[in-house]
Amino acid sequence: MTFGDITKKLKSVKWSHYIAYIVIIVFTVICMLSGNLKRTDIYLLEKIGISIILAVSLNFIVGFLGELSLGHAGFMCIGAYLGGKVSSMLVGSMGNGILTLIISVIVGGIFAALAGFVIGLPALRLKGDYLAIVTLAFGQIALIIFQNSNYETFGGAFGLDTPRYDYNSLYIIIFVFAIITIAAFQNVIRSKHGRAITAIRDNEIAAKATGVPVTQYKLFTFVMAAFFAGVAGVLYSYTQSKVQCTHFDYNYSIEILVMVVLGGMGSLNGSIAAAALITFLNEKLATVLTGNLAVLQNIFYSLVLILIVIYSNAPAFKNIREKYNFKKFKSLIMRKRDPGYISDDEGSWDRIPTKIKMDELLSVDISVQSDKDGSTSDSTGGDENE
Amino acid sequence: MEQIITTIINGLSLGGVYALIALGYTMVYGIAKMLNFAHGDIIMVGGYTIFVFMNATGNPIIAAIFAAVVCVILGASMEKLAYKPLRGASPLAVLITAIGVSYLLQSLSQIIFGPTPKTVIVADLGVTKIGNVTISNSSVLTLILTVIIMIALTLFIKMSKTGRAMLAVSEDRDAAKIMGVNVNGIITITFVIGAFLAAVASLFYLLKYPSISNTMGSMPGIKAFTAAVIGGIGSIPGAMLGGLLLGVIECIFNSFSEIAPYTDAIEFGILIVLLLIRPNGILGKKKREKV
């Protein structure tokens, strides 16, 4: 293989598919190499990793299935409590090592997935507002149950004592889990299952008529998203020495939703970036805005929710959206043309692949026209195209 | 026996509050086809307005009137600024905006009034004793006024031109538009009525629980939605029935000390199970989905 082949191969790779992994890996490696990080920085890194997992998994429900889940913190709560319980039980016999962590992550994830299955069942009959309320109610039920639990089992109102993992390696483990999460969702979304799920989002009845098993896919979406939310919960329990259920309240679900909306519904890379940004802002603003001013942050979140959703969905802004969108901006920078976009002053047809080009490829002899006279070939091309 | 009667009367008056809130939900849902998540927070705004004017004037009637005015203005402006631009957009977008509005109202009131709950004694109406049964007058007043408001609202919808236009819009928005109904105006009126009912509900709620915080609206809001679903969303008698039923259920469960901490969980459980078994509620109409 020559050097040219390698560069050719590298060029053919769709980098946009891998950019999230590369950024996360490079970032983690930089953090590892930079040596002794401060405790606060480590906390921040851990929180960012957990937020990424949560935002990506919620985006799977909101952005790809097109349903709203307000109980994502509830799934996380179940994962944190059950996984945390398992880890605190295993610590005595197996030590606070990676094996304990993996076992408790799997257990917490599975229990959260079971909850996702239970919540997914109403999702089969309900949608939109009703489903949002059911997920909200579920989150509240989970909170109330854990809050009123026995002191011996889950600590009740005092919170559950969980082992804290080693400071210098937990954030790396969390980032590894974040990468696994992103890979899992990306692979599902780019498979036929992902296309089926987006088909349900765009038109459920049409999807059903085309033979998509809507029931199974809705359940699957909820179970998978809940599983990873549970994983995030277990990882969260490892970052704390005590899991308090007040952390997983309604506001936390909204915060995850803000990440998804800010990053763009249906864009995994956007969710990752927004999760990192908002977690970072949360942490940094908490030091600046103290006391009553801390609410300014919530005002900012709510305004972000309202303005972004109105801007990107209102029929009145359709023209502006089409004029100044991110895709166009990107193609301007990358010097790539968006094939779906034809500007008004574009006179010639030769830039977009018409049937003429297909004929050329199939070596049908139409060169008589195309060599001599451009205009006739254009007109025939247009006719054939129609 | 006496305790049972007291519990049921208390439950009915709490149910009356829920029914008033649920009416706002149900009307907005029926006519604008959206779930107004911020409806519960209108109660909170009403509560704070009552608090401010009770401190300023000390007259509960003036405070209630101002609360109604503030809530109506808030309801109308909320509809104009946040929901009207999204008419015709996907339901998910409208829902997220409504959540944003709810969150915004909560944060704003927290920044204005601080995080600590405020206490306000609106009016002490005393208690009535019938034999061995002790009933607080505010409960009876709540119940009576709720029933009067319900009847007035039903008459308004059945008899007046605006009410009939509301029915038409909820039935088929496009057809109503063709027949000359001002759809946007009707939707605004719906929000205004809903906000007014929420203001009344906030007054009654404060008579029962005289503590105001920035999240005080969210719990009754969700419960009122549960009530609206129990009765069948879009149905006005359904909202009343569901509200009263839920209020009685809540008071009965709260009277047992073992179950009391789980009351909210049980109510939400009822909501989930009900939506699974009968999503149309008791009095709701069944709708078939068309392409």
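Residue numbers here run from 1 along each chain, matching the order of that chain's written sequence. For this description, chains carry letters from A and ligands carry numbers from 1, given in the order in which they are written. Totals for whole chains, interfaces and linings use every residue, but because this is a predicted model, local features are given only for residues with pLDDT of at least 70 and side-chain atom pairs only at 80 or more, for both listing and counting.

Q: Can you tell me about the overall build of chain A, naming the residues and giving the values?
A: In DSSP terms, a helix is any run of H or I states spanning at least four residues, a strand is any run of E spanning at least two, and both are numbered starting from the N terminus. Within chain A, the secondary structure is distributed over 19 helices and 2 strands. To sort residues by burial, count the other C-beta atoms lying within 10 Å of each one's C-beta; a count of 20 or more means buried, 12 or fewer means exposed, and anything in between means partly exposed. C-beta atoms are built from the backbone. Scored against the burial criterion, the 386 residues of chain A give a buried share of 39%. Working definition of a contact: two residues with C-beta atoms, positioned from the backbone, lying within 7 Å. For chain A, long-range pairs separated by at least 24 residues make up 78% of all intrachain contacts whose partners lie at least 6 apart in sequence.

Q: Please provide a residue-by-residue account of the overall build of chain B, values included.
A: The number of helices and strands found in chain B is 11 helices and 4 strands. With the radius of gyration taken over C-alpha atoms, the globule rule is written as 2.2 Å times the number of residues to the power 0.38. Against the 2.2 N^0.38 benchmark of 19 Å for 291 residues, chain B shows a C-alpha radius of gyration of 19 Å, consistent with a compact globule. When its C-alpha atoms are laid out on the principal axes, chain B stretches across 60 × 45 × 35 Å. Looking at chain B residue by residue over its 291 residues, the buried ones come to 49%. In chain B, 76% of the contacts between residues at least 6 apart in sequence involve partners at least 24 apart.

Q: Would you mind going over the interface of chain B and chain A in detail, with residue names and values included?
A: Between chain B and chain A, the residue contacts involve 38 residues of the former and 38 residues of the latter. For the side of chain B that touches chain A, the secondary-structure elements that each account for two or more residues are helix H4 (91-113), helix H9 (218-231) and helix H11 (263-277) of chain B. No other element matches H4 of chain B, which puts 15 residues into the side of chain B that touches chain A.

Q: Explain helix H3 (residues 39-65) of chain A residue by residue, including any values.
A: Since one α-helical turn is 3.6 residues long, residues separated by three or four positions face the same way. All names here are of chain A. Take the residue count of a helix, subtract one, and multiply by 1.5 Å to get its expected span. A rise of 1.5 Å per residue sets the reference length of H3, with its 27 residues, at 39 Å; its end C-alpha atoms lie 38 Å apart and thus fit the reference within 8%. With 21 of its 27 residues buried, H3 lies for the most part within the structure. One or two residues past the end of H3 sits glycine 66, with phi positive at roughly 80°.

Q: Summarise the packing of H3 of chain A against helix H12 (residues 250-263) of chain A; cite the residues concerned and give the values.
A: Residues and elements named next belong to chain A. What counts as an axis is a line fitted to C-alpha atoms, over the stretch in contact for a helix, and the angles between N-to-C directions run from 0 to 180 degrees. Between H3 and H12, the shortest axis-to-axis distance is 9 Å and the interhelical angle comes to 70°. Between H3 and H12, the interaxial angle falls into the category roughly perpendicular. Contact with H3, carried on its side by Ser51, Leu54, Ala55, Leu58, Asn59, Val62 and Gly63, involves Ile256, Leu257, Met259, Val260 and Gly263 of H12 and no other residues of that element. Each residue is assigned to one of three groups, with Ala, Val, Leu, Ile, Met, Phe, Trp, Tyr, Cys and Pro labelled nonpolar, Asp, Glu, Lys and Arg labelled charged, and all others, Gly among them, labelled polar. For the contact of H3 with H12, the class distribution of residues is 8 nonpolar, 4 polar and no charged. Should an angle fall under 35 degrees it is called roughly parallel, over 145 degrees roughly antiparallel, and 65 to 115 degrees roughly perpendicular, with every other angle called oblique.

Q: Account for the nonpolar core, naming residues and giving values.
A: Think of a nonpolar core as buried Ala, Val, Leu, Ile, Met, Phe, Trp, Tyr and Cys residues chained together by C-beta atoms that fall within 7 Å. Membership of the largest hydrophobic core comes to 194 residues, with the highest contact counts inside it found for Ala55 and Cys77 of chain A together with Cys71 of chain B. For this core, the element with the most residues is helix H8 (residues 183-208) of chain B, which contributes 17 residues. If we skip the residues at most four places from it in the chain, cysteine 77 of chain A touches Ala142, Leu143, Phe146, Gly233, Cys245 and Phe248 of chain A.

Q: An account of the confidence of the model for chain B is requested, with residue identities and associated values reported.
A: The quantity called pLDDT is the predictor's confidence in a given residue, expressed from 0 to 100. Averaged over all residues, the pLDDT of chain B is 86; the fraction at 70 or higher stands at 97%. Scoring of the predicted complex yields 0.81 for pTM and 0.81 for ipTM.

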